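Listed below, chain by chain, are the residues.
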Amino acid sequence: MKFLDSLRFRISILFGRSRMEAEMEEELRLHVQHRADDLERIGLPRAEAERQARIEFGGHVRYKEESREAAGGTLLESVFRDVRHALRLLRKSPGFTAVAVMTLAAAIGANAVVFSALNATLLRPLNVPEPQSLYGLQFGEGVKGAQSYPNYLDFRDRNRCFEGLAAYHMTRVGLDTGKNPTRVWLYEVTGNYFDILKIQPRIGRFFHAADEQGAHSAPYIVLSYGYWHSHFQDDPGAVGRMVEINKRPFTIVGVAPPQFQGTFLLLSPDFFVPIVSLEDADTLNTRAGRWIFETIGHLKPGVTTAQAAADFNSIGDYLQTTYPKENGKMNVSLSRAGLYGETFERPLRAFVAALMLLAGLILLAACANLGSLFAVRAADRSREIAVRLALGSSRVRILRQLFTEALLLSLAGGAVGIFGGAMLLRRLSAWNPFPQFPTNVPLNPDANVYAVAALLAFISGILFGAVPVRQVMRSDPYDIIKSGSLAKLGRRITLREILLAVQIAICAVLVTSSLVAVRGLLRSLHSDFGFEPENVLLADTDLDMAGYEGEAVPAMQKRMLEAMRTIPGVASVALTNCAPLSSCGRLSMTSVYTDETSDLRPSTVAASPLQFQISPEFFAVAEMPVLAGRIFTPHDDKNAPLVAVINQVFAREVFGSSAKALGRYFKVSNGTRLQIVGIAKDGKYKSLADDSQSVMFLPILQAPTSASSLMLRSKSDPQRLAAAVRSRLQDLDVGMPVFIQTWPDALNRVLFGSRLATVALGVLGALGAILSMTGIFGMAAYSVSKRLRELGIRVALGARRNEVLQAALGRAIKLLAFASTAGLLLGILASRLLAAMVYQATPRDPLVLAGVVLAMASIGVLATWIPAQRALSIDPARLLREE
Amino acid sequence: MSEQAQLLPGTLDLLILRAVSLGPLHGYGILLRIGQISGDALLIEQGALYPGLFRLVRQGLLKASWGTSDNNRRAKFYELTGAGRKRLRQETDNWNRLVSAIAAALGTQPEEV
């Protein structure tokens, strides 16, 4: 009861602050009036009586202050007072405040972004029940998780340690819902997929194992929630509708729940269909050729992963002995589902761990730098602190005030950081560098991220706020007022300076690397690809998705080529399975053997060239030079002898030289012989790093494929042809999905890796610059502050401005110059590594050197600006008076 | 005036409680009452009264309410709460014990040791 009363009283004090203040004022005023009344009564005139009463009352302000203290005095209240005090101090030094908040925002923002990457990829499990017992199978060699369908069936039926085994595979198909045919990503899944994952449909139903009745049975679609939302506007009537996938009819049976986005984090599908509905009997019955992406299931309770692996290995051994031609040794292991085990999870884990470490170091460096700034502030305020100590203020109270200031700064920095970070994350999540692939890693910050950011802000506030503690605890008010400063003059190199030098050096390394990367990137945009991408439009389609098979494919391709030729503005047209450097995802290596080889085994492979299947016009449209021999003609068809054009690398690898290769034969893996009729100049095919990639070109009529990429060389801006190309193709077949882009645009995507590396280096460089700036600022400010009196005397004795500056900032500038030079040299060395990521990156570039020097110099100028102003504005007269 | 005694630290609160125990008073009235009951023997700067008053209110020993004084002015009147009355009794006992102990100590003759 008493406690409640006192609580209510305190709260009313807190909120009724101004009312109480007014009452207190009134009460004291009335006291004086009462006293004046009495004095008047004994004969004083009123004015005189009031004057006398005021004198007798004593220090009005002091007693009011003490009364307030006596009445209020709650912890919350004094915290409020500390906060007000700290805000006032921070407002008085906007430069310091801005630098501190900016540094913290950068450091905490970086941590928040990295942590949400960690959160999104590694911490957040798949959104399914019991994710901790869900495992994927990894098989020893080759494509780690993949398996053939018959092998999957054996694993499913013979294992005794999983509750059940499902498999899924990602593929792209043409979907026709009656309007606009599009290319979409889906998961082909086994019938038991949803049951094994223990999830329930949002609406409608899922398909089940019982629906599977051999090839092309169970033509059912389960939509992902996202696709249902965006393409069917949440219409419950979508269930039961018929749509066409690759021209075959399917029924939508249900919609998956919103939180379920597939079982592979890096690719969320638009919908799910049974494997058996899409694949033909041939594919389903072939035991060789592991193609199904991943096999997953829940471990039975009480079974360890080691036991399960042993169980699967014995099945693997059985499969190997029973089908020795199709199966090799399988070293089965289990990995957490969602990230595809070693292929993605391990490198991702390493990458994210490295990033976390880096971000942590950045935050620590920021705290160290801010700590020294804080020490400067405490030193600057040593007189104030000394006076307060002398007047009986407790050290705890002064420290509390310093900490309040540090925490205010760190929370402000944290708030700015998380705000910036969240904006960045939102853009990163929405950003999709490859429109063909729905990479969906939801990076949006959740409560965890905000909590971590707040915690980090708090911890860093405590960390850098603690730096001046010793200084304050040790300080003796008598000494300070006598000598004027908390700081001791010292000439030796301190740990703090070494740390700062390291930071500046690292910053210089990063600045150097990012400039090298930018220059390399710019140069690689204009390098020699071995073909000319300008003015070429690519229209990519897969006739497979539009339902063409066998003889219908070349016939349709011929009609497509003819239709394109009639478009005004088109200079020439060619057809290929994939345009070089277009990230079509279809280029694969094939094994070739010398003509003399009769035993076609992995050990006798002569080369592994990429295979292009092209129409005769390809070399002309791509402007890819053929150095020797001939190009294809329309007569190189099924009935003619099989021919190939190879590139120089191929010729050198297999025959020793281009001259020796021309006219010779080689074998492909099924034993067919091909004659080399031409040698094409080397170029870039899959990535810009291709310098020694062997390639063979085959006539599309002799090596038919449904993958059809039209290449149109335009007389002007190729983008203008896009609409006409689309409508001509629609005229030929309404149900054919097409992806149109210019070749230079496609090229940009190939540069994605280099771009990402460049941006990452740039961001790190900027963070490094901010940190160095804070550090130098701190050091310069410290140096100016502790030598203020000396500088004042120098000014009084007639020192010129540059002499003052040199005395004040010389050491900081020297440190900057030394560390920057070291960093620049290191950066030049590091750029050799960079050449691996960014094509044509070279540090031997005067522009880069000039850029680094300029950048570091600007950092120096910016960082020393405020201290320099302070040093220059020293007024010796005032200074001496104060001291 | 010169023979007025300095107040010992901590004794002002006790004096306030005692003054108010005789009936509700406003601040100036408390000072007058203290002067009256102590025979004007104590030196108190008038303003020094108020921090003490607010402290006692906060400790729940006094309660305050606005009213009208004899001078026909508005004034804030203080009176003892139950807790205040109890505290006054305790403090008075303590004080008396202290005083008699000090007095005994001071009154001790050398031969008595």
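Colleague: Help me understand the overall build of chain B, please; the structure alone is not making it clear to me.
Modeller: Counting its regular elements, chain B contains 4 helices and 5 strands. Sequence-ordered secondary structure for chain B, helices as α and strands as β, is β-α-β-α-β-α-β-β-α. Here chain B, with 113 residues, has 28% of them falling under the buried criterion. Summarising the internal contacts of chain B: among those between residues at least 6 apart in sequence, 51% fall at separations of at least 24.

Colleague: I tried to follow the overall build of chain A on my own but got confused; where do I start?
Modeller: The helix and strand inventory of chain A stands at 30 helices and 21 strands. Within chain A, the fraction of its 883 residues that count as buried is 42%. Considering only residue pairs separated by 6 or more positions, chain A has 81% of its internal contacts joining residues 24 or more positions apart.

Colleague: I would appreciate a short explanation of the packing of helix H1 (residues 11-21) of chain B against helix H3 (residues 49-58) of chain B in the present structure.
Modeller: Helix packing geometry: the angle between the two helix axes and the distance between the axes. All names here are of chain B. Taken N-terminus to C-terminus, the directions of H1 and H3 make an angle of 70°; their axes are 10 Å apart at the nearest point. Viewed along their axes, H1 and H3 adopt a mutual orientation that is roughly perpendicular. Contact residues: Leu12, Asp13 and Ile16 in H1; Gly52, Leu53 and Leu56 in H3.

Colleague: So what exactly am I meant to see when it comes to the confidence of the model for chain A here?
Modeller: Note that predicted coordinates carrying low pLDDT should not be read in detail. With 90% of its residues at a pLDDT of 70 or more, chain A has an overall mean of 83. Residue range residues 485-491 of chain A is modelled with pLDDT below 50. Its contacts to residues more than four positions away, or to other chains, number 12 contacts.

Colleague: Is there a simple way to think about the packing of helix H26 (residues 752-786) of chain A against helix H29 (residues 846-872) of chain A in this case?
Modeller: Residues and elements named next belong to chain A. Between H26 and H29, the shortest axis-to-axis distance is 8 Å and the interhelical angle comes to 20°. Put simply, H26 runs roughly parallel to H29. Relative to H29, the crossing made by H26 is right-handed. Contacts from Ala769, Ser772, Met773, Ile776, Phe777, Ala780, Ala781 and Val784 of H26 reach H29 at Ile859, Gly860, Leu862, Ala863, Thr864, Ile866, Pro867, Arg870 and Ala871.

Colleague: Looking at this model, I keep getting lost on H29(A). Mind explaining?
Modeller: Helical geometry note: an α-helix holds 3.6 residues per turn, so side chains three or four residues apart project in the same direction. Bending of H29(A) peaks at approximately 50° at the position of Trp865(A), with proline Pro867(A) no more than four residues after it. Those residues of H29(A) that sit buried are Val848(A), Val852(A), Met856(A), Ile859(A), Gly860(A), Ala863(A), Thr864(A), Pro867(A) and Ala871(A).

Colleague: Is there a simple way to explain the nonpolar core in this structure?
Modeller: Nonpolar side chains tend to gather and get buried jointly when the protein is soluble and globular. With 124 residues, the main nonpolar core has Val222(A), Leu223(A), Ile646(A) and Met711(A) as its most contacted residues. Core analysis: the second largest hydrophobic core is formed by 93 residues, Leu443(A), Ile776(A), Leu815(A) and Ile859(A) among them.

Colleague: How should I be thinking about the confidence of the model for chain B in this particular structure?
Modeller: On average, residues of chain B score 84 in pLDDT, and 92% of them are at 70 or above. This prediction of the complex comes with two scores: 0.65 for pTM and 0.89 for ipTM.

Colleague: Help me out: how do you make sense of the pairing of strand S4 (residues 62-68) of chain B in this one?
Modeller: Within a regular beta strand, the side chains point alternately toward one face of the sheet and then the other, so they alternate between its two faces. All names here are of chain B. When S4 meets strand S5 (residues 74-80), the two strands line up antiparallel, connected through 7 bridges. Looking at the pairing, leucine 62 lines up with leucine 80 of S5. Here S4 folds back onto S5 in antiparallel fashion, the turn holding 5 residues, of which asparagine 72 has a positive phi close to 65°.

Colleague: Before we go on, may I ask you to explain the interface of chain B and chain A in this structure?
Modeller: Interface size is commonly expressed as the accessible area that is lost once the parts come together. Residue-level contacts link 19 residues of chain B with 19 residues of chain A. Among the elements of the structure, helix H2 (27-37), H3 and S5 of chain B are those that each provide at least two residues to the side of chain B that touches chain A. In terms of residue count, H3(B) provides more of the side of chain B that touches chain A than any other element does, 6 residues in total. Residues that form the side of chain B that touches chain A fall into these classes: 7 nonpolar, 6 polar and 6 charged.

Colleague: Help me understand the environment of Trp291(A), please; the structure alone is not making it clear to me.
Modeller: Residues and elements named next belong to chain A. Note that tryptophan 291 resides in the loop between helix H11 (281-285) and strand S9 (294-298). It is 7.8 Å that separates the C-alpha atoms of tryptophan 291 and histidine 169, two residues lying 122 residues apart in sequence. Not counting residues up to four positions away in its chain, the partners in contact with tryptophan 291 are Ala146, Ser148 and His169.

Colleague: What is the right way to read the sheet that holds strand S2 (residues 25-26) of chain B from this model?
Modeller: Hydrogen bonds between backbone groups are what pair the strands of a sheet, and the pairing can be parallel or antiparallel. Residues and elements named next belong to chain B. A sheet is described by the order of its strands in space; here 3 strands give the open sequence S2-S5-S4, paired in antiparallel fashion. Edge positions in the open sheet fall to S2 and S4, since each of these has one partner strand only. Alignment of S2 against S5, held across 2 bridges, turns out to be antiparallel. When the sheet's bridge partners are listed, leucine 25 is paired in S5 with tyrosine 78. On the sheet, H3 packs against S4 and S5 and is oriented at approximately 120° with respect to S4.

Colleague: Just to check I follow, could you spell out H26(A) for this structure?
Modeller: An ideal rise of 1.5 Å per residue puts 51 Å on 35 residues; H26(A) measures up with 50 Å between its terminal C-alpha atoms. In terms of residue burial, H26(A) counts as a mostly covered element, since 25 of its 35 residues are buried.

Colleague: Is there a simple way to explain unusual backbone geometry in this structure?
Modeller: What is expected of a backbone is that most residues other than glycine have negative phi and most peptide bonds are trans. Not every positive phi belongs to a glycine, and Lys247(A) is a case in point at roughly 70°. Exposure remark for Lys247(A): the 18 C-beta atoms within 10 Å place this residue in the partly exposed category.

Colleague: Which parts of the structure should I look at to understand the environment of Thr864(A)?
Modeller: Residue and element names in this part refer to chain A. If you trace the backbone, threonine 864 turns up in helix H29. Using a count of 25 C-beta atoms within 10 Å as the deciding quantity, one classes threonine 864 as buried. Along the chain, threonine 864 and isoleucine 776 lie 88 residues apart, while their C-alpha atoms are 7.0 Å from each other. Filtering out sequence-adjacent residues up to four positions away, threonine 864 remains in contact with Ile776, Ala780, Leu809 and Ala812.

Rules used in this analysis
Residues numbered from 1 in each chain as written. Chains lettered and ligands numbered in written order. Predicted model: local features only at pLDDT ≥ 70, side-chain atom pairs only at ≥ 80, totals over all residues. Helix = DSSP H or I, 4+ residues; strand = E, 2+ residues; numbered from the N terminus. Buried ≥ 20, exposed ≤ 12 C-beta atoms within 10 Å, placed from the backbone. Contact = placed C-beta atoms within 7 Å. Axes fitted to C-alpha atoms, helices over the stretch in contact; angles between N-to-C directions. Parallel < 35°, antiparallel > 145°, perpendicular 65-115°, else oblique. pLDDT = per-residue confidence, 0-100. Left-handed = near helix turned anticlockwise from the far one by under 90°. Bend = angle between axes of the 7 residues up to and from the residue. Core = buried A, V, L, I, M, F, W, Y, C linked by C-beta atoms within 7 Å. Pairing = 2+ DSSP bridges. Nonpolar A, V, L, I, M, F, W, Y, C, P; charged D, E, K, R; others polar. Expected span 1.5 Å × (residues − 1).

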